[in-house]
Amino acid sequence: MSSSFVSSNEIRDRFSRAMSAMYQAEVPQYGTLLELVETVNRETLEARPELKASLEARGELERLGVERHGAIRVGTAEELAMLRRLFAVMGMYPVGYYDLSEAGVPVHSTAFRPVEDEALARNPFRLFTSLLRLELIEDAALRQRAADILAQRDIFTPGVRELIAAFENEGGLTSDQADRFVAEALETFRWHQHATVDRATYDDLHAAHRLIADVVCFRGPHINHLTPRTLDIDEVQRRMPAAGMSPKVVIEGPPRRQCPILLRQTSFKALEEVTRFVGDAEGSHTARFGEIEQRGMALTPRGRELYDRLLNEARQAATGADNEAHQAHLADVFEAFPDDDTILRREGLAFFEYRLAPGESQAEGKLEELLAAGTIIADPITYEDFLPVSAAGIFQSNLGGEEGQVGQGNANREAFEEALGAAVTDELALYAERQAASLKALGLVG
Ligand code: OOG
Ligand code: NI
């Protein structure tokens, strides 16, 4: 690679900052949310020096301020495949397959994200990307109309297409090219006040499912939320109303714990925005919101199974009440999930990365003995992905509640990968590799 090229990490970092600036300008409440998260993170680090030390040791303190994810939804295989090439410029690759049809949302999804440890440490920016499943629209005529409308749009600028091709042919972009790439790529994710259809068409698609109208009726896949990482999601949720934001009722994911697992998420509700339709009718469209997330440790398949089982159990006896009642109920059910790093590790419920303790120069002996002697340290590996049940909850809360008009589909990973033009990486394999590599570097086996 020519040394005049900037790294994909650098391009992703510039892009995520540009995206955040654009979204703050488009949705001022998102700026307020960022400030709130920053305040709570600062207070949490001050109050919990042990948390600060642990984040620092794992190289996560630095990334905290730039850490966020976003979400977009596209309508066609061509759009998805082109996005894959666009994100590759920034070192973001499709990881995980998420089937949302089970929850009545007519999409399936992946997350474009960095995969290497170094890249994650620099800037873990991820984009949850959903592909509309038109086959889940029951009305054949409406389905065809949606496909025809989508066939007419091009969500990419000529400039970004050229720069993607240049990246693929030359193996990189210069700093100037990277700046142009960021500016051109940003255009794809911008909000458009003007719909591409008339009011009646919008209403028909909206009646089939709000999400279909959101994907089909606009010039591009507007970024629908960005999500900073908080260290105390319960506190941010509590303070949201006073800061002028209306939070969704419950925090998705596991309950609050000593040893956080996976991912907890909440959002402020989507804004109603003025929309102009072809023929000049005015209306409104509700799509864009702000979200926060708190990340915990990645679970092994065994841990994930236990999580899914307990979550399901909790949902069977759902309280349907406010967040406090919901959290108390979750906490009861999750009593069955060990809340201690050592037990989680020994029982093979979570992934860990092993390193020499400061001042130690080699690890000779058995893993458990070395850990007990403090020669090596096991740090939990942070979960970098998403949760389908939580994602469905986020979708629903921003679509105005439950909607049942769309036929329940079933997972179709092959169709998704065919549209994408590539296989999605198995996220669990990535964590397992990272754990194994850390042991190998110490000359140990798990
Ligand atoms: C994506 C919702 C999923 C998350 O954080 O789980 C998501 C969407 O509404 O397009 O972003
Ligand atoms: Ni999200």
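Residues numbered from 1 in each chain as written. Chains lettered and ligands numbered in written order. Predicted model: local features only at pLDDT ≥ 70, side-chain atom pairs only at ≥ 80, totals over all residues. Heavy atoms only, no water.

- Per an unreviewed UniProt entry, the chain carries the name 2-oxoadipate dioxygenase/decarboxylase and comes from Halomonas binhaiensis.
- The UniProt entry for the chain carries the following comment under Sequence similarities (unreviewed entry): "Belongs to the 2-oxoadipate dioxygenase/decarboxylase family."
- You can read under Cofactor (unreviewed entry) in the UniProt record for the chain the words "Fe(2+)". (UniProt positions renumbered as here; feature names shortened; annotations may be inferred.)

Notes on the overall build of the chain
Okay, step 1: Helix and strand counts for the chain stand at 19 helices and 14 strands.
Okay, step 2: Seen along its three principal axes, the alpha-carbon backbone of the chain occupies a region of about 75 × 60 × 40 Å.
Okay, step 3: The buried share among the 446 residues of the chain stands at 56%.
Okay, step 4: For the chain, long-range pairs separated by at least 24 residues make up 74% of all intrachain contacts whose partners lie at least 6 apart in sequence.
Okay, step 5: Summed over all atoms, the accessible surface of the chain reaches about 18900 Å², with 48% contributed by carbon and sulfur. (Helix = DSSP H or I, 4+ residues; strand = E, 2+ residues; numbered from the N terminus. Buried < 20%, exposed > 50% of the residue type's maximum accessible area, 1.4 Å probe, protein only. Contact = heavy atoms within 4.5 Å. Areas by Shrake-Rupley, 256 points an atom, 1.4 Å probe, with all protein chains shown as cover.)

Remarks on the coordination of the nickel ion (ligand 2)
Angles at a metal have ideal values that depend on geometry: 109.5 degrees with four tetrahedral donors, 90 or 180 degrees with six octahedral donors.
Okay, step 1: Within the protein, His69 (NE2), His225 (NE2) and Glu291 (OE) serve as the donor atoms for the nickel ion (ligand 2), at 2.1 Å.
Okay, step 2: Sequence positions of the residues that donate to the nickel ion (ligand 2) give the spacing H-x155-H-x65-E. Pair noted here: His225 is in strand β8 (residues 225-228) and Glu291 is in strand β12 (residues 290-295), with a separation of 66 residues, a long-range link.
Okay, step 3: Classification of His225 by relative accessible area gives buried; the value is 5%. (Donors = N, O, S within 2.8 Å, 3.2 Å for Na, K, Ca; no water.)

Topic: the nonpolar core
What tends to happen in soluble globular proteins is that the nonpolar side chains get buried as a cluster.
Okay, step 1: Within the largest apolar cluster, 66 residues are counted, with the highest numbers of intra-cluster contacts made by Leu100, Leu205, Tyr307, Phe337, Tyr354 and Ile376.
Okay, step 2: Excluding residues within four positions of it along the chain, Leu100 makes contact with Val105, Val107, Ser109, Phe128, Pro388, Ala391, Ala392 and Phe395.
Okay, step 3: Membership of the second largest hydrophobic core comes to 55 residues, among which are Leu86, Phe156, Leu163 and Ala185. (Core = buried A, V, L, I, M, F, W, Y, C linked by side-chain atoms within 4.5 Å.)

Notes on the pairing of strand β5 (residues 126-132)
Okay, step 1: Of all seven residues making up β5, seven are buried, and the element is well covered by its neighbours.
Okay, step 2: Side chains of β5 alternate between two faces, with Arg126, Phe128, Ser130 and Leu132 and Leu127, Thr129 and Leu131 buried alike.
Okay, step 3: Of the strand pairs in this sheet, strand β2 (residues 68-74) and β5 are connected by six bridges, and their pairing is parallel. For His69, the partnering residue across the bridge sits in β5 and is Arg126.
Okay, step 4: Pairing analysis gives six bridges linking strand β4 (residues 107-113) to β5, with the strands arranged antiparallel. Across the sheet, the residue bridging to Val107 is Leu132, located in β5. (Pairing = 2+ DSSP bridges.)

Observations concerning the site of ligand 1
Okay, step 1: Taken together, His69, Ala71, Arg73, Phe128, Asn224, His225, Gln265, Glu291, Phe386, Ala391 and Phe395 make up the full set of residues adjacent to ligand 1.
Okay, step 2: Asn224 places a polar side-chain atom, nitrogen or oxygen, 3.1 Å from an oxygen atom of ligand 1.
Okay, step 3: Interatomic distance of 2.5 Å between a side-chain N/O atom of Gln265 and an oxygen atom of ligand 1.
Okay, step 4: Listed by contribution, the elements that provide at least two residues to the shell around ligand 1 are β2 and α17 (388-397).
Okay, step 5: Residue contributions to the shell around ligand 1 peak at three residues, all from β2.
Okay, step 6: Partitioned by chemical class, the residues of the shell around ligand 1 number five nonpolar, four polar and two charged. (Near = heavy atom within 4 Å. Polar contact = N/O pair within 3.5 Å; in protein donor to acceptor, adjacent residues only side chain to side chain. Nonpolar A, V, L, I, M, F, W, Y, C, P; charged D, E, K, R; others polar.)

Quick word on the pattern of salt bridges
Okay, step 1: Under the criterion given, the structure shown has 43 salt bridges.
Okay, step 2: For Asp203, the salt bridge goes to Arg199, with nearest N and O atoms at 3.3 Å. Note that Asp203 and Arg199 are positioned in helix α10 (residues 199-208) at a spacing of four residues, about one turn of the helix.
Okay, step 3: Judged by its relative accessible area of 34%, Asp203 falls in the partly exposed class.
Okay, step 4: Bridged by salt links that share partners, the residues Glu60, Arg63, Glu67, Arg126, Arg229, Glu293, Arg295 and Glu384 form one connected network. (Salt bridge = Lys/Arg side-chain N within 4 Å of Asp/Glu carboxyl O.)

A look at the sheet that holds β2
Sheet strands associate in pairs through backbone hydrogen bonding, adopting either a parallel or an antiparallel arrangement.
Okay, step 1: Spatially, the five strands line up as an open sheet ordered β3-β4-β5-β2-β8, and their pairing is mixed. The open sheet has two free edges, formed respectively by β3 (93-99) and β8, since each of these has just one partner strand. Across the sheet, the mean angle separating the axes of adjacent strands is 20° when strand polarity is ignored.
Okay, step 2: Relative to β8, β2 runs antiparallel, the two sharing four bridges. Residue pairing in the sheet places His69 in a bridge with Thr227 of β8.
Okay, step 3: Running over the sheet, helix α5 (residues 77-89) touches β2, β3, β4 and β5 and is turned about 165° from β5.
Okay, step 4: Set on the sheet, α17 makes contact with β2, β3, β4 and β5; between it and β5 the angle comes to about 75°. (Axes fitted to C-alpha atoms, helices over the stretch in contact; angles between N-to-C directions.)

Notes on the side chain of Gln177
Okay, step 1: As for its placement among the helices and strands, Gln177 is situated in helix α9 (residues 175-188).
Okay, step 2: Contact partners of Gln177, with chain neighbours within four places excluded, come to Leu163, Ala166 and Gly172.

Considerations on the packing of aromatic side chains
Geometrically, a pair of aromatic rings is defined through the distance of the ring centres and the angle of the planes.
Okay, step 1: Applying the stated criterion to the full structure yields 15 aromatic pairs.
Okay, step 2: Measuring from ring centre to ring centre gives 5.7 Å for Tyr97 and Phe416, while their planes differ by 65°; the resulting arrangement is edge-to-face. In this pair, Tyr97 sits in strand β3 while Phe416 sits in helix α18 (residues 413-420), placing the two residues 319 residues apart along the sequence. Neither residue differs from the other here; Tyr97 and Phe416 are each classed as buried.
Okay, step 3: Among the aromatic residues, those joined into a cluster by ring pairs are Phe15, Phe87, Phe112, Phe125 and Phe189. (Phe/Tyr/Trp six-rings, centres within 6.5 Å; stacked < 30°, edge-to-face > 60°.)

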